[in-house]
Amino acid sequence: MSIESDLIWMDGEFVPFKDAKIHVLTHTLHYGLGAFEGIRAYKRSDGRTAVFRLQEHIRRLFDSCHIATMKIPFTQEEICNACVQTIQKNNFEDCYIRPVAFLGDGEMGLAALSNDVRLSVICWKWGAYLGDEGLKNGIRAKISSFNRHHVNTSMVKGKINGQYVNSILAKREVMAQGYQEAIMLDTEGYVSEASGENIFIIRDQEMFTTPFGSSILGGITRDTILSLAKSFDYKISEQRFTRDMLYTADEMFVVGTAAEITPIREVDNRTIGTGKPGPMTQKLQAAYFDLVKGSAEDPNEWLTYIN
Ligand SMILES: Cc1ncc(COP(=O)(O)O)c(C=O)c1O
């Protein structure tokens, strides 16, 4: 799938795709201090396109920058508008939206306090991150030998560019062994999250997910799934759990804006449940898709229509 678009928003202006360039001395390229978001817009069954939970994503972008001591020279509302306009100007119906804040060039020392904080918004077409087949039938995952960051080594509540080296190493490690996604343990050995998704397991109709106050990104999809699960009166435990609880789960799935709700059918060569997406996973997945691209009501005002 092509990542091309007509126009990219850069520091308040639209520039043609081929001109959206930065200098090789861009500070973030060297040291990784920056923050980004991943958001999706879907064409819903009424034919209109809506961005899902735009305000929450932009709030998290500002939180990430606050954690990273970067002051964004725009308001949250301005960045939400930039996202909407970038989709509109590129005439996208379904797309992925990537705001990225970074430190520009200037000083090359680590602190670089005088370098500008710059911001771009890019959109592209992106299908199922873990594949259509994975969405439908589940994927094979493996626990990575790389631990998730300790909470006082990296600032895990920030979606901070440089921190993704950890995820990339984990993902590449398990892909080289033929698996589709990496599951990471925290530094104490408990299950944390996947390389780019939060994790849920189900045993005897009870759902477990890692608590917000642990080494996970506070996923917006995780929050959406918790809200849907509550509406179904599912029993939910936000608590730490062990890798063998994955092996013995009846159902398991990972959630994220890119991966949506992807069932896991195998971990470390152990079949999860029946090896097929279970009934609670399927019900939550269907409800999620009905919300983002179907015809479900929007009582929480999570949809921002762009047309
Ligand atoms: C490490 C990590 N965990 C979880 C998530 C899921 O977050 P969200 O549902 O907000 O996309 C992501 C994706 O952004 C991620 O990169």
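Note that the coordinates shown come from a computational prediction; the quantities given were computed from them, not determined experimentally.

Trainee: Quick one: what's the story with the overall build of the protein, residue by residue and with numbers?
Mentor: The helix and strand tally for the protein stands at eight helices and 17 strands. Relative to a compact globule of 307 residues, whose C-alpha radius of gyration would be 19 Å, the protein shows 19 Å and is just as compact. Counting only C-alpha atoms and orienting by the principal axes, one finds that the protein spans roughly 55 × 45 × 30 Å. Across the 307 residues in the protein, those meeting the buried criterion constitute 43%. Here the contacts in the protein between residues at least 6 apart in sequence split such that 71% fall between residues at least 24 apart.

Trainee: I'd like to hear about the site of the ligand, residue by residue, with values.
Mentor: Near the ligand, the surroundings consist of 14 residues, among which Gly219, Ile220, Thr221, Gly256 and Thr257 are the closest. A total of three residues in the shell around the ligand trace back to one element, the largest contributor, which is helix H6 (residues 220–231). Class assignment for the residues of the shell around the ligand results in two nonpolar, eight polar and four charged.

Trainee: If you had to explain the nonpolar core to someone new, which residues and values would you point to?
Mentor: As a rule of thumb, nonpolar side chains are buried together in soluble globular proteins. By size, the foremost hydrophobic cluster in this structure holds 75 residues, and its most contacted members are Val51, Met70, Cys83, Ile97, Ala101 and Phe200. Per-domain counts for this core show at least three residues from each of domain 1 (7–124) and domain 2 (132–293). When residues no more than four places from it in sequence are discounted, the contact partners of phenylalanine 200 are Met207, Phe208, Thr209, Ile225, Met252, Phe253 and Val255.

Trainee: Tell me what's going on with the packing of helix H2 (residues 54–67) against helix H3 (residues 76–89), and back it up with residues and numbers.
Mentor: Pairs of packed helices are described in terms of their axes, by the angle between the two and the distance that separates them. Running from amino to carboxyl end, H2 crosses H3 at an angle of 125°, the nearest separation of the two axes being 10 Å. In terms of orientation, H2 lies oblique with respect to H3. Helix-helix and strand crossings are classified by hand; for H2 and H3 the assignment is right-handed. Here Leu54, Gln55, Ile58, Arg59, Leu61 and Phe62 of H2 lie close against H3, whose contacting residues are Gln76, Ile79, Cys80 and Cys83.

Trainee: How would you summarise the domain arrangement of the protein if you had to cite specific residues and measurements?
Mentor: According to the domain assignment, the protein consists of domain 1 (7–124) and domain 2 (132–293). On a C-alpha basis, the centroid separation for the pair domain 1 and domain 2 is 26 Å. Each partner contributes residues to the interface: domain 1 has 23 residues there, and domain 2 has 12 residues. Taken together, the elements giving at least two residues each to the side of domain 1 that touches domain 2 come down to helix H1 (27–31), strand S3 (34–36), strand S4 (39–43) and H2. Considering only residue class, the side of domain 1 that touches domain 2 consists of nine nonpolar, six polar and eight charged.

Trainee: Help me get a handle on the packing of H6 against helix H8 (residues 279–293), residues and values and all.
Mentor: In the contact formed by H6 and H8, the axes pass within 10 Å of each other and the chain directions differ by 110°. If you check the angle between H6 and H8, you find them roughly perpendicular. Taken as a pair, H6 and H8 cross one another with a handedness that is right-handed. Residues Thr224, Ile225, Leu228 and Ala229 of H6 form the contact with H8, whose own contacting residues are Leu284, Ala287 and Tyr288. In the contact of H6 with H8, the residues fall into six nonpolar, one polar and no charged.

Trainee: Let's hear about unusual backbone geometry: which residues, and what values?
Mentor: The backbone phi angle of aspartate 233 is positive, close to 60°, even though this residue is not glycine. Mapped onto the elements, aspartate 233 comes out in the loop between H6 and strand S13 (235–238). When the 7 C-beta atoms within 10 Å are taken as the criterion, aspartate 233 is described as exposed. A positive phi angle, close to 55°, is found at glutamate 260, a residue other than glycine. Glutamate 260 sits in the buried class, given 22 other C-beta atoms within 10 Å.

Trainee: A description of the environment of lysine 71 should follow, citing residues and the corresponding values.
Mentor: With respect to the helices, strands and loops of the structure, lysine 71 is situated in the loop between H2 and H3. Assessed through the 10 C-beta atoms surrounding it within 10 Å, lysine 71 is described here as exposed. The spacing of lysine 71 and alanine 41 is 30 residues in sequence and 27 Å in space, taken between C-alpha atoms.

Each value, and the rule that gives it
Residues numbered from 1 in each chain as written. Predicted model: local features only at pLDDT ≥ 70, side-chain atom pairs only at ≥ 80, totals over all residues. Helix = DSSP H or I, 4+ residues; strand = E, 2+ residues; numbered from the N terminus. Rg over C-alpha atoms; globule rule 2.2 N^0.38 Å. Buried ≥ 20, exposed ≤ 12 C-beta atoms within 10 Å, placed from the backbone. Contact = placed C-beta atoms within 7 Å. Near = placed C-beta within 6 Å. Nonpolar A, V, L, I, M, F, W, Y, C, P; charged D, E, K, R; others polar. Core = buried A, V, L, I, M, F, W, Y, C linked by C-beta atoms within 7 Å. Domains from an automatic or database assignment. Axes fitted to C-alpha atoms, helices over the stretch in contact; angles between N-to-C directions. Parallel < 35°, antiparallel > 145°, perpendicular 65-115°, else oblique. Left-handed = near helix turned anticlockwise from the far one by under 90°.

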